[in-house]
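Remarks on the overall topology
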Amino acid sequence: MNRRRAFASRHWRTALTTAALMAGVAACGSGGGGAQSDPTSYKGKTLTVWLMAGDNPQSWVDAVTTQFEAAYPGAKLVVQPQQWTGIQSKMTSALAGLTPPDVVEIGNTQTAYYASTGGLLPLDPYRKDLGGADWTPSMDKSTIVGNKQFAAPWFAGNRVVMYNKKLWKAAGLNPPQTMAEWLTDLGKLQHTKGVSSALYLPGQNWYAFDGFLQDAGADILTLKGNQWVGDLDSPAALKAANLFKKLQSYGKAPKDQDEQHPVQATVFAKGDVASMIAMGYEEAPVIAANKSMDGNIGYFPIPGDTAGKPAKTFLGGSNLAVAETSTQRTMALGFLKIALDDENEKAYVKLNGFLPNKASLYSALDGNAYAAAAQKAAPNAGFTPLVRAWANVENPPNPISTLFLTPILEGKDPVAAAKAADAKLTARIKLG
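Definitions and limits used
Residues numbered from 1 in each chain as written. Predicted model: local features only at pLDDT ≥ 70, side-chain atom pairs only at ≥ 80, totals over all residues. Heavy atoms only, no water. Buried < 20%, exposed > 50% of the residue type's maximum accessible area, 1.4 Å probe, protein only. Helix = DSSP H or I, 4+ residues; strand = E, 2+ residues; numbered from the N terminus. Pairing = 2+ DSSP bridges. Axes fitted to C-alpha atoms, helices over the stretch in contact; angles between N-to-C directions. Parallel < 35°, antiparallel > 145°, perpendicular 65-115°, else oblique. Left-handed = near helix turned anticlockwise from the far one by under 90°. Contact = heavy atoms within 4.5 Å. Right-handed = clockwise from strand over helix to strand, strands pointing away. Nonpolar A, V, L, I, M, F, W, Y, C, P; charged D, E, K, R; others polar. 1 Å grid on protein atoms, 1.4 Å probe; cavity = no way out; pocket = protein on both sides within 12 Å on 5 of 7 lines; lining within 4 Å. Points joined across faces, edges and corners; volume = space filled by probe spheres on them. Salt bridge = Lys/Arg side-chain N within 4 Å of Asp/Glu carboxyl O. Core = buried A, V, L, I, M, F, W, Y, C linked by side-chain atoms within 4.5 Å. Phe/Tyr/Trp six-rings, centres within 6.5 Å; stacked < 30°, edge-to-face > 60°.

Under an unreviewed UniProt entry, the name given to the chain is Extracellular solute-binding protein, and the source organism is Streptacidiphilus alkalitolerans.

Structural notes on the pairing of strand S7 (residues 160–164)
Two faces, one strand: in a regular strand the side chains alternate between the faces of the sheet. Most of S7 is tucked away: 5 of the 5 residues are buried. Sheet analysis places S7 next to strand S11 (residues 297–300), joined by 4 bridges and oriented antiparallel. The partner of Met162 across the bridge, within S11, is Tyr299.

Here we look at the sheet that holds strand S12 (residues 315–322)
A sheet is described by the order of its strands in space; here 6 strands give the open sequence S2-S1-S3-S12-S6-S13, paired in mixed fashion. The sheet is open, and its two edges are formed by strand S2 (76–82) and strand S13 (355–356), each paired on a single side. Here strand S6 (residues 152–158) pairs with S13 via 2 bridges, running antiparallel. Looking at the pairing, Ala156 lines up with Leu355 of S13.

Concerning the packing of helix H2 (residues 58–71) against helix H13 (residues 342–352)
At a minimum axis distance of 10 Å, the contact between H2 and H13 shows a crossing angle of 165°. Relative to H13, the element H2 is oriented roughly antiparallel. By crossing handedness, the relation of H2 to H13 is classed as left-handed. Contact residues: H2 offers Ser59, Trp60, Val64 and Gln67, while H13 offers Asn344, Ala347, Tyr348 and Leu351.

Some thoughts on the pairing of strand S1 (residues 46–52)
Extensive coverage of S1 is indicated by the burial of 6 of its 7 residues. Regarding the hand of the β-α-β motif, the stretch spanning S1, H2 and S2 is right-handed. Both S1 and strand S3 (residues 103–107) contribute to a ladder of 2 bridges, which runs parallel. Looking at S3, one finds that Val49 is bridged to Val103.

What to know about the packing of helix H16 (residues 399–409) against helix H17 (residues 414–430)
It is at 9 Å that the axes of H16 and H17 come closest, and there the two elements cross at 180°. When the axis of H16 is compared with that of H17, the two are roughly antiparallel. Contacts from Pro399, Ile400, Leu403, Phe404, Pro407 and Ile408 of H16 reach H17 at Pro414, Ala417, Ala418, Ala420, Ala421, Lys424, Leu425 and Arg428. Broken down by class, the residue content of the contact of H16 with H17 amounts to 12 nonpolar, no polar and 2 charged.

Side note on the layout of surface pockets
Empty space within the largest pocket amounts to approximately 1600 Å³. Around the largest pocket, the lining comprises 49 residues; the ones closest to its centre are Trp84, Arg159, Trp206, Tyr207 and Glu394. For the lining of the largest pocket, the secondary structure elements donating two or more residues are helix H3 (87–96), S6, helix H8 (206–215), S12, H13, helix H15 (390–394) and H16. Looking at the lining of the largest pocket, its residues break down into 18 nonpolar, 24 polar and 7 charged.

Some points on unusual backbone geometry
The residue after His261, namely Pro262, is reached through a cis peptide bond having omega -5°. In this fold, Pro262 is placed in the loop between helix H9 (235–248) and helix H10 (264–268). In this structure, the amide linkage connecting Pro396 to the following residue, Pro397, adopts the cis form with an omega of -5°. The residue Pro397 is located in the loop between H15 and H16 in this model. One non-glycine residue with positive phi stands out, namely Asn147, at about 65°. Its location among the elements puts Asn147 in the loop between strand S4 (144–145) and strand S5 (148–149).

Let's talk about the sheet that holds S7
The strands making up a sheet are joined through hydrogen bonds of the backbone, oriented either antiparallel or parallel. Taking strand neighbours across the sheet as the criterion, the 3 strands line up as S10-S7-S11 in an open arrangement whose pairing is antiparallel. The two strands at the open ends of the sheet, each matched to only one other strand, are strand S10 (275–278) and S11. Within this sheet the neighbouring strands show an average axis-to-axis angle of 30°, counted without direction.

Here we look at the environment of Ala171
When you line up the elements, Ala171 lands in the loop between helix H6 (165–170) and helix H7 (179–190). Taking the C-alpha atoms as reference, Ala171 lies 6.1 Å from Leu189; in sequence the two are 18 residues apart. Setting aside chain neighbours within four positions, we find Ala171 in contact with Leu189 and Thr192.

Observations concerning empty space enclosed by the protein
This structure, assessed with the given rule, holds 3 cavities of 30 Å³ or more. Each pocket or cavity is described by its volume, and for the largest cavity that value is around 40 Å³. As for the largest cavity, its lining consists of Arg159, Tyr207, Ala208, Gly211, Phe212, Ile302, Lys312, Thr313 and Phe314.

Considerations on the pattern of salt bridges
Applying the stated criterion to the full structure yields 6 salt bridges. The partner of Arg127 in a salt bridge is Asp140, with the nearest N and O atoms 2.8 Å apart. Residue Arg127 is located in the loop between helix H4 (111–116) and helix H5 (137–140), and its partner Asp140 is located in helix H5; the two are separated by 13 residues in the primary sequence. Taking relative accessible area as the criterion, Asp140 reaches 7% and is therefore assigned buried.

Re the nonpolar core
Residues Leu47, Phe68 and Phe335 are the most contacted members of the largest nonpolar core, which totals 65 residues. Per-element tally for this core: the top contributor is helix H12 (residues 329–339), with 7 residues. Listed in part, the 48 residues of the second largest apolar core include Leu183, Ile220, Ala237 and Phe300.

Observations regarding the packing of aromatic side chains
Note on aromatic pairs: each is described by the distance of the centres and the angle between the planes. Using the criterion set out here, one finds 22 aromatic pairs in the structure. For the pair Trp206 and Tyr207, a centre-to-centre distance of 4.3 Å together with 25° between the ring planes defines the contact as stacked. What makes Trp206 buried here is its relative accessible area of 8%. Classification of Tyr207 as partly exposed rests on a relative accessible area of 22%. Ring plane angle 50° and centroid distance 6.2 Å describe the contact between Tyr281 and Phe354, whose orientation is recorded as tilted. You can see Tyr281 sitting in the loop between S10 and helix H11 (283–289) and its partner Phe354 sitting in the loop between H13 and S13, a full 73 residues away along the chain.

This is the structure in structure tokens:
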């Protein structure tokens, strides 16, 4: 992986003052309206935006393009879809080049890495104009590195419990309010006619496990001195692993596979799984595979120890950032203002079902059962450790899954499994 950190300073770029850039951002008001730029200022210029494939719904891109090109007459907006596979290496090289994409979508756990390479423009001077005063704190946290703003939160989602209403009704149950109630309910569901798994939880679904880890007050890594090291052998982490093992025992999911092997939505669609930990986008393939499931799917937040306070969960999503070496900073910042405008943000989440970057915009998801559950847990949701070399941890085989979770589920000594995983985690983080 390209680890180039240095980016050449450009004397001509220092002439761009904050005031001048802010004037350019302000030129596009709400929804791309407001004062128009000089009709000849942007003639022949192009703004290149990298969005991840699947995160670029055409109707939204078309609307934003129209607004952008009206705000910057003569300019052209080019949105280039990218694949997640291999994106970190590709984007690192692109941001280090002389002609990088001007605006990029980055996973919210990767902001620290790209910021550490010098590839991202600090956005602190523009935060207020971009709407930052109202960004959801839990989402905004992933955009800040070393007390500097390197990106803007775009959207996010957290895992909730997807359940089969028919099977829960047959068991005489309603969604639980606490973890203790949930465990009791799972025991009843196991003995309900027609239920094969009360909870289908693949043993290597480490994203779900990370939520239990956070809820226990633990983390995957801890900082010792100036070095990040694995911390799965902490008492709190082992407590979370024990809870994960108990939950996993209420179903027939494999202990040595993740939620994609087999695809858990396909398993849920068979109609004999009472619940699974899922994202909202998994509902569509369930219904596509089994039309009778339409209207029979419900959601509730993963419950915590106290009623009314959902458990912490992993908050996955994307941020938008501007390349440090972009030659079109004014237009890049203008694009961010347009894309993050309240109306465009609401339109975007209506299309993909994720949570917007402001709690005040949740009304855009009225009627979305997943979003109703997810937004209850969002304020307490968190991330994997926001460190530059985090991607090294997730590279297969992921030690959290293979050296920690699966061995524990298979009956191995939890402490020994934790120490083995910690050693590998520490080694991988040092590679960064």
